[in-house]
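Given next are the chains, with one letter for each unit.
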Amino acid sequence: MTGSFSQSAPQICEDFMAILATGCAGFIGSNFVRSWLANDGETIINLDKLTYAGNTNNLADLRGDNRYHFVQGDIADEAMVSELLGKHQPRAIINFAAESHVDRSIGGPGEFIQTNIIGTFRLLEAARSYWSTLDTARQTAFRFLHVSTDEVYGSLEPNDPPFHEGSVYAPNSPYSASKAASDHLVRAWYHTYGLPVLTTNCSNNYGPFHFPEKLIPLVILNALDGKALPIYGDGQQVRDWLYVEDHCRGIAAALEGGTPGEVYNIGGRNEMSNLDVVHAICSILDEKRPRSDGRSYTQQITFVTDRPGHDRRYAIDARKIERELGWRPQESFATGIRKTIQWYLDNPQWVADVRSGAYRDWIEHNYTERTDHA
Ligand code: NAD
Ligand code: TYD
């Protein structure tokens, strides 16, 4: 297996086959659900609060598919989650739900503490209570998979080796600190209560349905709109970009083959500076949708005030999931970014719908406060 979706887990019986997945109206979760069902996966119940980042249009194509159920609700609502678990008897929970944007966490950390820490705690408690009611075979087969980030490990120096599963946690933003706390809770629920958990820590994702507050979709859409392409600081910060479907395949591989209590790092061996990412996007847009004046989209690049506490470099050592679970990324950055740009060009209605009033308010708030450093 090279990381394809595989539903090969021991199936206890037909009434123990559903998955409860949280936060799947967002970017990664919606891609996961689509790939999961396209690969003949079992029923998925998507529990999502529908914050500004949640968008039911992301899974509009699944309306009418009786393997997909949407429930609007908060992972911190333990009683409601317990009721859902009792009703659907899932064999696994996958926790995608989170507040996920670093810049928002700097301006307002409260929601990050509430959802990423308290929410994960409540979800773990509901899971533990449900799990304790299962018979031994089901208890053994059950999984709680927590989707996390490489940002919990902090920032690397240029010559440091990439993060591995034993790297020390050193989060620097309210976002990464809240995710780090949630990872620790998940770990503790395994060691203390025996809940069969798995944690995946992945590098930066990109691909279809990415909310345009994040670097890659923001730059694609700003370029097409003739707006500034804002680069924080000197643009030499490095991220290890992974195409979202490769991440989803990694999650599926961990769910089916991962060992309870273990952590799996997922990353694309694709370190790039922000400036190089923006140049790559501009050059593909120059070819696919040239500017009317014939000049390159790079003309729109603008250096702006840096993010406080900005991590300099992330990089992932993914050898464990490659070795133990046979996962490999299937897209290079060159192929993945082309697909992504094409998707944004092909989906203007989706773009128009997400750029609601709330989105415009955020863009105004985040970028008018940043001075140009041209
Ligand atoms: P996203 O912001 O696009 O989506 C988050 C989803 O969670 C939204 O649909 C939102 O409505 C929902 N949500 C938020 N609070 C909730 C709550 N209290 N209860 C129920 N639902 C709630 O995020 P994403 O980029 O899809 O990230 C998904 C997960 O993957 C997160 O846990 C994130 O930390 C992790 N992750 C993201 C990346 C990345 O590059 N985007 C990389 C590694 C890990
Ligand atoms: P982002 O997509 O917000 O992801 P994360 O902060 O989780 O890595 O940002 C990716 C990188 O791009 C990060 O180094 C910050 C930088 N960045 C900009 O330079 N300009 C922008 O407008 C944004 C949103 C991000």
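Residues numbered from 1 in each chain as written. Chains lettered and ligands numbered in written order. Predicted model: local features only at pLDDT ≥ 70, side-chain atom pairs only at ≥ 80, totals over all residues. Heavy atoms only, no water.

1. What about the site of ligand 2?
Okay, step 1: Glu 151, Pro 230, Arg 307, His 310 and Tyr 367 are the nearest of the 17 residues found near ligand 2.
Okay, step 2: At 2.6 Å, a side-chain N or O of Glu 151 approaches an oxygen atom of ligand 2.
Okay, step 3: Leu 215 has a polar backbone atom sitting 2.9 Å from an oxygen atom of ligand 2.
Okay, step 4: Alone, ligand 2 offers 510 Å² of accessible surface; in the complex the protein occludes 97% of this.
Okay, step 5: Elements with a minimum of two residues in the shell around ligand 2: helix H7 (215-224) and strand S8 (229-232).
Okay, step 6: Sort the elements by how many residues they give to the shell around ligand 2 and S8 lands first, with three residues.
Okay, step 7: When grouped by side-chain class, the residues that make up the shell around ligand 2 number seven nonpolar, five polar and five charged. (Near = heavy atom within 4 Å. Polar contact = N/O pair within 3.5 Å; in protein donor to acceptor, adjacent residues only side chain to side chain. Areas by Shrake-Rupley, 256 points an atom, 1.4 Å probe, with all protein chains shown as cover. Helix = DSSP H or I, 4+ residues; strand = E, 2+ residues; numbered from the N terminus. Nonpolar A, V, L, I, M, F, W, Y, C, P; charged D, E, K, R; others polar.)

2. Re the pattern of salt bridges
Okay, step 1: Summed over the entire model, instances satisfying the criterion amount to 24 salt bridges.
Okay, step 2: Across the salt bridge formed by Arg 269 and Glu 322, the nearest N and O atoms sit 3.2 Å from each other. Here the residue Arg 269 occupies a position in the loop between strand S11 (263-266) and strand S12 (271-273), and Glu 322 occupies one in helix H10 (residues 319-325), the gap between them amounting to 53 residues.
Okay, step 3: The residue Asp 317 makes a salt bridge to Arg 319 at a minimum N-O spacing of 2.8 Å.
Okay, step 4: For Asp 317, a relative accessible area of 15% gives the class buried.
Okay, step 5: One network of salt bridges, in which partners are shared, links Glu 42, Arg 91 and Glu 256. (Salt bridge = Lys/Arg side-chain N within 4 Å of Asp/Glu carboxyl O. Buried < 20%, exposed > 50% of the residue type's maximum accessible area, 1.4 Å probe, protein only.)

3. A closer look at the nonpolar core
Okay, step 1: If you look at the biggest cluster of nonpolar residues, it comprises 36 residues, and the most contacted ones within it are Ile 216, Ile 281, Phe 333, Ile 337 and Ile 341.
Okay, step 2: Each residue touching Ile 216, except ones within four places of it in the same chain, is listed here: Tyr 206, Trp 241, Val 277, Ile 281, Phe 333 and Ile 337.
Okay, step 3: Counting 35 residues, the second-largest nonpolar core is a separate cluster that includes Ile 19, Ile 44, Leu 242 and Ile 321. (Core = buried A, V, L, I, M, F, W, Y, C linked by side-chain atoms within 4.5 Å. Contact = heavy atoms within 4.5 Å.)

Nothing here speaks to function; it is all geometry.
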